[in-house]
Amino acid sequence: VGTSAREPRACRTRAHGGLSACSKEELRELIGAARSIVAITGAGISRASGLETRKELWQRFVRDDAVSAVRFREQPEILWQVVREFWGEEDHPPNDAHRALASLPALEAIVTQNVDSLHQRAAAAIGRDTEVIELHGTLARTRCVACAREHGDATVLARSPSLPPRCACGAVIRPDVVLFGEHARGLERAIERVRSADLVLVVGCAMDVSPASELPVLASHAGATIVEIKRTPSRLSEMIRVEHVAGRAEQVLGGIGATP
């Protein structure tokens, strides 16, 4: 962690291998001392915006049918039904956690598994051009699978009474997201960013999906402090030293970003 006029206090180590407990005040000190911060985020950070997590969605849909590249070619309407259920009819604005991250002075980048574009909206609202690396793509863009014509936001198209939506050429329109069987996006850039950070915040991630689960490990090996913000810790601490701040992302981070 970078130096500052006030050194952060050591977090309270538990007898759980690589896991230490940190308070919100201790997190504030770590953030204040950092020169370069990268956040890695998952579905948990958007829960307070009214969006379901993967775990909740897969209680109603068969995961391998819903987000498989092979199944999309066979039955594209299943993925579109998931998008409809995930977003619904209402807007889902950024919450306090998105806003707090966007306002961190030392924030260099956000690497996210989410496809909701809430990080970009939070940054734009305060006039910041935060780099957001979307490992799994985004619902903000769609394209025709045949002619590649762009068709706008998938959350709007998913409200169509007939799914899947189709292009004027007659082919199916697809959300610009990464499906099972396809490669994550921006991975080289994400690796570059986490390896150059001195503080990595892991927010609302189950840490059970590669390659996102590997990024904190790479950062730790490069010397970064890893802080996990989650109600209960993931298995990340079995591999590396992790400072765990217990709680919901919006409650833990709310107000921290605005503090000098």
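Criteria and cut-off values
Residues numbered from 1 in each chain as written. Predicted model: local features only at pLDDT ≥ 70, side-chain atom pairs only at ≥ 80, totals over all residues. Heavy atoms only, no water. Helix = DSSP H or I, 4+ residues; strand = E, 2+ residues; numbered from the N terminus. Rg over C-alpha atoms; globule rule 2.2 N^0.38 Å. Buried < 20%, exposed > 50% of the residue type's maximum accessible area, 1.4 Å probe, protein only. Areas by Shrake-Rupley, 256 points an atom, 1.4 Å probe, with all protein chains shown as cover. 1 Å grid on protein atoms, 1.4 Å probe; cavity = no way out; pocket = protein on both sides within 12 Å on 5 of 7 lines; lining within 4 Å. Points joined across faces, edges and corners; volume = space filled by probe spheres on them. Nonpolar A, V, L, I, M, F, W, Y, C, P; charged D, E, K, R; others polar. Contact = heavy atoms within 4.5 Å. Core = buried A, V, L, I, M, F, W, Y, C linked by side-chain atoms within 4.5 Å. Polar contact = N/O pair within 3.5 Å; in protein donor to acceptor, adjacent residues only side chain to side chain. Pairing = 2+ DSSP bridges. Salt bridge = Lys/Arg side-chain N within 4 Å of Asp/Glu carboxyl O.

1. Here's the deal with the overall build of the protein
Helices and strands together make up the secondary structure of the protein, namely 11 helices and 10 strands. For 260 residues, the compact-globule formula gives about 18 Å, and the C-alpha radius of gyration of the protein, at 19 Å, lands near that figure. C-alpha atoms of the protein, sized along the principal axes, occupy 65 × 35 × 30 Å. Taking all 260 residues of the protein together, 52% fall into the buried category. About 12,200 Å² of surface is accessible on the protein, with carbon and sulfur atoms providing 49% of the total.

2. Thoughts on the layout of surface pockets
Size it by volume and the largest pocket reaches roughly 1,300 Å³. Breaking the lining of the largest pocket down by element, the ones donating at least two residues are helix H2 (54-57), helix H5 (76-87) and helix H11 (249-253). In terms of residue class, the lining of the largest pocket is made up of 23 nonpolar, 11 polar and 13 charged.

3. Points about the side chain of Ser117
Relative to the assigned elements, Ser117 resides in the loop between strand S4 (107-112) and helix H7 (118-125). Look past the residues within four positions of Ser117 in its chain and what remains in contact with it is Glu134, Thr138 and Ala140.

4. Considerations on the nonpolar core
Counting 27 residues, the largest nonpolar core has Ala66, Phe72, Trp80, Phe86, Leu139 and Leu179 as the members making the most contacts within it. One finds Leu27, Leu101, Leu107 and Val227 within the second-largest nonpolar core, a separate group that totals 25 residues.

5. Overview of the environment of Glu52
Examined against the element boundaries, Glu52 turns out to sit in the loop between strand S3 (37-41) and H2. Between the C-alpha atom of Glu52 and that of Glu85, which follows or precedes it by 33 residues, the distance is 9.2 Å. Not counting the four nearest positions on each side in its chain, Glu52 is found in contact with Arg47, Leu57, Arg60, Glu85 and Phe86. Of the polar contacts made by the side chain of Glu52, one reaches the side chain of Arg60; its length is 2.8 Å.

6. Let's talk about the pairing of S4
For S4, a buried count of 5 out of 6 residues is recorded, marking the element as mostly surrounded by other parts of the structure. Bridge analysis of S3 against S4 gives 5 bridges, and the strand direction is parallel. Residue pairing across strands places Ile37 opposite Leu107, the latter belonging to S4. Pairing between S4 and strand S5 (residues 131-134): 4 bridges, direction parallel.

7. Some remarks on the pattern of salt bridges
Once their charged atoms are close, side chains differing in charge can pair, the charge on each being opposite to the other. Under the counting rule described, the total for this entry stands at 19 salt bridges. Across the pair Arg28 and Glu25 runs a salt bridge, and its minimum N-O distance is 3.5 Å. In this pair, Arg28 and Glu25 both sit in helix H1 (residues 24-33), 3 residues apart, roughly one turn of the helix. Accessibility expressed as a relative area gives 33% for Glu25, which makes it partly exposed. The partner of Arg71 in a salt bridge is Glu74, with the nearest N and O atoms 2.9 Å apart. Here Arg71 pairs with Glu74, and both are found in helix H4 (residues 69-74), just 3 residues apart, close to one helical turn. Taking the relative accessible area as the measure of exposure, Arg71 reaches 23% and is therefore partly exposed. Salt bridges sharing partners connect three or more residues here, namely Glu108, Glu131, Arg189, Glu192 and Arg193.

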